[in-house]
Structure formats: structure tokens, C-alpha cells
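# Residue-level structural notes
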Amino acid sequence: MSDIALGVLDLVPVPSGSTAADALRNSIDLAQQAERLGYARYWFAEHHLNPGVAGTSPAVVLALTASATSTIRLGSGAVQLGHRTALSTVEEFGLLDALHPGRFDLGLGRSGGRPPGQSDAPPPTTTPVIDGRAPNGLLIPPPFSFAQLLGSPRIALQRRLLLLPGAESQDYTEQIGDILSLIAGTYRSPEGVEAHVVPGEGADLEVWILGSSGGQSASVAGRNGLRFAANYHVSPATVLEAVEGYRAYFQPSDVLDKPYVSVSADVVVADDDSTARELATGYGPWVRSIRTAEGAIEFPTPQEARARTWTDEDQALVQDRLDTQFVGSPGQVADQLEQLQEATGADELLITTITHDHKDRVRSYELLAEEWRRRGHSPQPPS
């Protein structure tokens, strides 16, 4: 197993009893700690209308965090293009790069409450999954259907509030092409008119595509020779399909001569297994609130989580996420991360951790970094 870098994915979670301002301060502090600990990158997700998640605008949070850090790469995981334009995206990240050149990853996602289209059919997965396990034993649970979530009135409301009246989302593949050409300074309209973005054109950005399947996101990443981030923590059932689809579509580009993959994992580390399990107690109710389209709740304390009414239907709704969350001592979690890397062939791993108490979250990342370094892994990706 070669050196595998670790990065951080932060949703800016709001613990119960605190505020969004507290969450933002915690995230900036965690980014500073991640820089000190040698993590390769720090990404912010984009979510809307969630009481327990304050990461609504990656570019804004990145600007705040860039001023509080100096060396760690910062990025979006991901800017959701369903309600944005190519121009606004390049302009925002061009502004960031203008003051902090060469530090930003532009992670792009196709979400926005849209159901997958017919063009999303992935190539067949060649890795055998037998009794819910990859050949090396990694758990690959049954697929979770997002149909009910995407069809909920709340998701429809979110899309209506994010889009201007009468607006339609641009085709994702076309939009990625526009973003790349605007950055490169080669954009031409169908009528032949040039567009030059200042700042933005020539920005030193590392472009990533995030995806949960081997369909359109994997295709657009591979065909454009871009880096690809697959989500084990959001959709563990389709992670093998996603990375295999990306590699099948990959064509060398000016930035990459071979595929480059990051895979995410939900992690809680503590000094011992029982402490880690206690810290992770709120995860089930928190995931349930997302999957019912209620919107992510403020992350509960273990006591608050245990006091909630919990049904068999609730358990079934979140079982795949609970089963694939890596919770335990540093050694146990590092073993599971190495298993995830081996099964997916990931070049990097992206770690997302949520606990109610900020100091426990920082400690989780600290313990993992120490164990990862003890095993001889370099914290930084290859140049």
C-alpha cells in the first residue's frame, strides 16, 4: 500500500445548544488544527435549509478560512451547480485565487434536487460483491433509494428558492465544459463571442468532480481528465461503481495522465472503542433527519439521541450509513480506512467527522493523523 494522503470534509455542523456562528468558529479552528496536523486538504460542503448545517456557501466559508490558515489546500466539496452558472462559479473562485493563489480546489457537484437522468447509466461494475462484501471484506450495503427524498415537497421548495423564477439548470456536462474553458480563457459562445473572466481566467485551481455513482459525474470527470471524489460516506452501496466508472471513462488531459481518486468516509476516533461509540451516538438521528427530508437537525448529545423515539423504520432508513461509519480506536479505524483504500484503489481519503463537542471532533482528527503517520503514510498528496 503506497502513501495515502488524508483530507477533511466539513459540513459546518451546528451542535445542539449552539449557534451557526459557533459552528463557523469551530470549523475555522478545525481547519487550523488540520493544517497543524498535516492533513492535505480541507473541503467545505454545500447544503441548504438545514437547521444543523451552516455550510451554505463554500466560497464564503473558504474566504474566511483562507485568512486564518496559510498552507493547507482549501476547497469545495462541492459547489452544487444545479442552481448556479459557470460564470458565477469561476468568478467566485477567481476572487479567492487572486488573494491566495494556488491554494484552492474547485470541487463541483451536480446536485440540486434533480433526479438522475437517462444519461446517468453507469458501465457494469466488474468487482464482485458477494454477501455484501468486496473481495477484501469491505462492506458494500444494499442500495438506498433516494427517490422519496428527491420527490419530497421540501426538496422541491429548496430548488424553487435557489433558482430564479422560470430558470432551468444547464446541462451538467455542458456546464463543466464552460467552467473549464472560462478558466482556460478559451470560451466562445455558439455565435463565436469570447468571454474573459477577471479574476478567474488563468486561476491556479485544482478542479475536482464529486459523484456518488458511475454515471454522468464519473463520465464528465473521466472524459475531461479531471480528479474524481467518490462518496462512500453518502452512498456506500455505489462507491465501487463510481470509481470503476470514472476509470473506465478516463482520458488523459493536460492536468492528469492517469485517473486520480479520492474516497470519503464517515469517521469517529477516540482513545478507545467504547468512548468512540458514545461520541457517535447522535449520528443515527442526524442521518435520519436528512433522509426524511426534515433537514439535518442540530447534532444531538448522546443523551439527547438516546431520549429520542426510535422505530424499526428509522433503523432501516439509516442502517447502511451506521454500518459503514468507521467508529473506534485509532488502530481500528485506520485498519478500516486502509481496507476502504484497498477496495477502491483510492489515491486519497477524505475524512468527515461530526461529534457534539468540538474538542472531541478535533481530538478525533488528531488521533487519526497520529496513527496514520505512525503507519508510514505521508499526509500530503504526490506533486
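One structure accompanies this document, and this report is about it. (Residues numbered from 1 in each chain as written. Predicted model: local features only at pLDDT ≥ 70, side-chain atom pairs only at ≥ 80, totals over all residues. Heavy atoms only, no water.)

## Some remarks on the overall build of the protein chain
Looking only at helices and strands, the protein chain has 14 helices and ten strands in total. Relative to the compact-globule value of 21 Å for 383 residues, the protein chain shows a C-alpha radius of gyration of 20 Å, a close match. C-alpha extents for the protein chain along the principal axes are approximately 65 × 50 × 45 Å. Residues classed as buried in the protein chain amount to 55% of the 383 residues present. Contacts in the protein chain between residues far apart in sequence, at least 24 positions, make up 76% of those at least 6 positions apart. (Helix = DSSP H or I, 4+ residues; strand = E, 2+ residues; numbered from the N terminus. Rg over C-alpha atoms; globule rule 2.2 N^0.38 Å. Buried < 20%, exposed > 50% of the residue type's maximum accessible area, 1.4 Å probe, protein only. Contact = heavy atoms within 4.5 Å.)

## Topic: the packing of helix H2 (residues 58-66) against helix H3 (residues 86-99)
Orientation of H2 relative to H3, taken along the N-to-C sense of each, is 5°, at an axis distance of 10 Å. Compared by their axis directions, H2 and H3 come out roughly parallel. Taken together, the residues of H3 that come into contact with H2 (itself represented by Ala 59, Leu 62 and Ala 63) are Glu 92, Phe 93 and Leu 96. (Axes fitted to C-alpha atoms, helices over the stretch in contact; angles between N-to-C directions. Parallel < 35°, antiparallel > 145°, perpendicular 65-115°, else oblique.)

## Quick notes on the pattern of salt bridges
Following the criterion strictly, the structure yields 22 salt bridges and no others. Note that Arg 41 is salt-bridged to Glu 348, the shortest N-O span being 2.7 Å. Taken together, the positions of Arg 41 in strand S2 (residues 41-44) and Glu 348 in strand S10 (residues 348-352) put the pair 307 residues apart, joining distant regions of the chain. Residue Glu 348 is classed as buried on the basis of its relative accessible area of 1%. With a shortest N-O distance of 3.0 Å, Arg 306 and Glu 278 are connected by a salt bridge. (Salt bridge = Lys/Arg side-chain N within 4 Å of Asp/Glu carboxyl O.)

## Some words on helix H14 (residues 358-374)
For the α-helix, the turn length of 3.6 residues means that residues three or four positions removed from each other point alike. The terminal C-alpha atoms of H14 lie 25 Å apart, and with 17 residues this matches the ideal 24 Å at 1.5 Å per residue to within 8%. Buried within H14 we find His 358, Arg 361, Val 362, Ser 364, Tyr 365, Glu 366, Leu 367, Leu 368, Ala 369, Glu 371 and Trp 372. In this fold, the buried residues of H14 make contact with strand S1 (5-10), helix H1 (20-37), strand S8 (261-269), helix H13 (330-344) and S10. The residue sitting at the N-terminus of H14 and contributing the capping side-chain oxygen is Asp 357; that oxygen lies 3.0 Å from the backbone nitrogen of Lys 359. (Expected span 1.5 Å × (residues − 1). Polar contact = N/O pair within 3.5 Å; in protein donor to acceptor, adjacent residues only side chain to side chain.)

## Let's talk about the nonpolar core
Tyr 39, Leu 108, Val 263, Trp 286, Leu 337 and Leu 349 are the most contacted members of the largest nonpolar core, which totals 96 residues. For this core, the leading source of residues is H14, giving six residues. Once residues lying within four places of it in the same chain are set aside, the contact partners of Leu 349 are Ile 4, Ala 5, Leu 6, Gly 7, Ser 262, Val 263, Leu 337, Leu 340, Gln 341 and Trp 372. Listed in part, the six residues of the second largest apolar core include Val 268, Ala 270, Ala 276 and Ala 280. (Core = buried A, V, L, I, M, F, W, Y, C linked by side-chain atoms within 4.5 Å.)

## Considerations on unusual backbone geometry
With glycine set apart, most residues show a phi of negative sign, and most peptide bonds adopt trans. Following Gly 77, the chain continues into Ala 78 via a peptide bond in cis, with omega recorded as 15°. Of note, the bond from Val 198 into Pro 199 is cis; its omega dihedral lies within 30 degrees of zero at -10°. Note that Pro 199 resides in the loop between helix H6 (172-184) and strand S6 (205-211). Of note, Leu 49 is a non-glycine position whose phi angle comes to about 55°, a positive value. Looking at where Leu 49 falls in the secondary structure, it is placed in the loop between S2 and H2. The class of Leu 49 is partly exposed, set by a relative accessible area of 43%. The phi angle at Asp 131 is positive, at roughly 55°, despite the residue not being glycine.

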